[in-house]
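Take a look at the letters that make up each chain.
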Amino acid sequence: MQIFKKKQYGVINLPKEEEKDIPVVPEGSWVKCNKCGKILYKKSLEENLNVCTNCNHYFRLGSYERLALICDKGSFKEFNKDMATKNPMNFPNYEEKIKANQEKSGNMEAVVTGECEIGGNRAIIAVMDSNFLMGSMGTVVGEKITLAVEESTRRKLPIIIFTASGGARMQEGILSLMQMAKISSALAKHNEEGLLYISVLTDPTTGGVTASFAMLGDIILSEPKALIGFAGRRVIEGTIKEKLPEDFQSAEFLLEHGFVDNIIERKDLKTVLSTLLKLHKSKEV
Ligand SMILES: [Zn+2]
């Protein structure tokens, strides 16, 4: 009898790893929220002003995305668009790094400046871009912001600066640090003319930018939950040998302690800025 000869089971031939059907997702259609981990449809995310529809986390915006949200359609005219960084300290591989960041961000540098209208009110605006070398402040960033401030002083216009920065740009050494003083002096002259400066802090605003013009606004606004600080948590804890509060360096903590005037949701920013400009309207020349 051959009762054990016949196999009592079937064999399924599994496809090899590379032959398996992998669902094709069009590139760039989905984004993962780095706060809650939810996968979001990019279009819905953009329609929600790049705020996570699940957990309300604020995605960082590039300069032009921000300008599109804030300025009246077609009103933005850019200043010094092609001003680009040289390598003043001959820092190794700096030129390559700049080039890669220009391609990645679509910006020549970590700030875009220009004039615009917000709710029909004319203003000079500067928007820093954390996608470009972490929004670090080098000579060109400093020069573009200074020129924008000087233009607003000359034309008796208010200036709005959106900050987003990892701090001074180490590849430009001391020349980066002097930008803090240069921008601050230009703002002092703007202030002497009795003109309005609104500073809008976005995630993250740190280092030399916080230590200078970010905190000089006549009115200082912030987006919710933005990280705002000078030195990092580990550096401070290491220096003062003390544990810092959990929400330390958040916009909410700074509001509570009087460093920020108000926290404004992204969807309301344009209306708030427009109202503030209207209230402080000066005679343009
Ligand atoms: Zn989320």
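Residues numbered from 1 in each chain as written. Predicted model: local features only at pLDDT ≥ 70, side-chain atom pairs only at ≥ 80, totals over all residues. Heavy atoms only, no water.

We apply this condition: UniProt positions are given in the numbering used here, feature names are shortened, and annotations may be inferred rather than shown by experiment.
Labelled according to an unreviewed UniProt entry, the protein appears under the name Acetyl-coenzyme A carboxylase carboxyl transferase subunit beta, originating from Clostridium isatidis. Recorded under Function (unreviewed entry), the UniProt text for the protein is reproduced unchanged: "Component of the acetyl coenzyme A carboxylase (ACC) complex. Biotin carboxylase (BC) catalyzes the carboxylation of biotin on its carrier protein (BCCP) and then the CO(2) group is transferred by the transcarboxylase to acetyl-CoA to form malonyl-CoA." Turning to the protein, the UniProt record has this under Subunit (unreviewed entry): "Acetyl-CoA carboxylase is a heterohexamer composed of biotin carboxyl carrier protein (AccB), biotin carboxylase (AccC) and two subunits each of ACCase subunit alpha (AccA) and ACCase subunit beta (AccD)."

### Comments concerning the nonpolar core
What counts is decided by this rule: Residue types Ala, Val, Leu, Ile, Met, Phe, Trp, Tyr and Cys, when buried and joined through side-chain atoms within 4.5 Å, form a set referred to as a nonpolar core. Buried means the residue's accessible area, taken with a 1.4 Å probe over protein chains only, is under 20% of the maximum for its type, while exposed means over 50%, and partly exposed covers the values in between. Where helices and strands are cited, they refer to DSSP runs of H or I of at least four residues and of E of at least two residues respectively, numbered from the N terminus.
Ranked by internal contacts, the top residues of the largest apolar core, which has 37 residues, are Met 128, Val 141, Ile 145, Ile 159, Ile 161, Leu 187 and Phe 213. When residues of this core are traced back to their parent elements, those giving at least two are helix H3 (94-105), strand S5 (121-128), helix H4 (139-154), strand S6 (159-165), helix H5 (173-192), strand S7 (197-205) and helix H8 (251-256). For this core, the element with the most residues is H4, which contributes four residues. Counting residues in hydrophobic clusters, the runner-up holds 21 residues, among them Leu 67, Cys 116, Leu 196 and Leu 277.

### A few points about the coordination of the zinc ion
Reference geometry at the metal: tetrahedral coordination by four donors gives ideal angles of 109.5 degrees; octahedral coordination by six donors gives 90 or 180 degrees. Quick reminder of the rule: Sites may look incomplete because water is not among the atoms; the donors themselves are N, O and S atoms within 2.8 Å of the metal, or within 3.2 Å for Na, K and Ca. Square planar and octahedral assignments, for four and six donors respectively, both demand that opposite donors be over 155 degrees apart and that all other angles lie between 65 and 115; tetrahedral needs four donors with all angles between 85 and 135 degrees, and anything else is irregular.
The coordination sphere of the zinc ion, as far as protein atoms go, consists of Cys 33 (SG), Cys 36 (SG), Cys 52 (SG) and Cys 55 (SG), spread over 2.3 to 2.4 Å. Coordination at the zinc ion is tetrahedral: its four donor atoms span angles of 106 to 111° at the metal. The sequence pattern formed by the donor residues of the zinc ion is C-x2-C-x15-C-x2-C.

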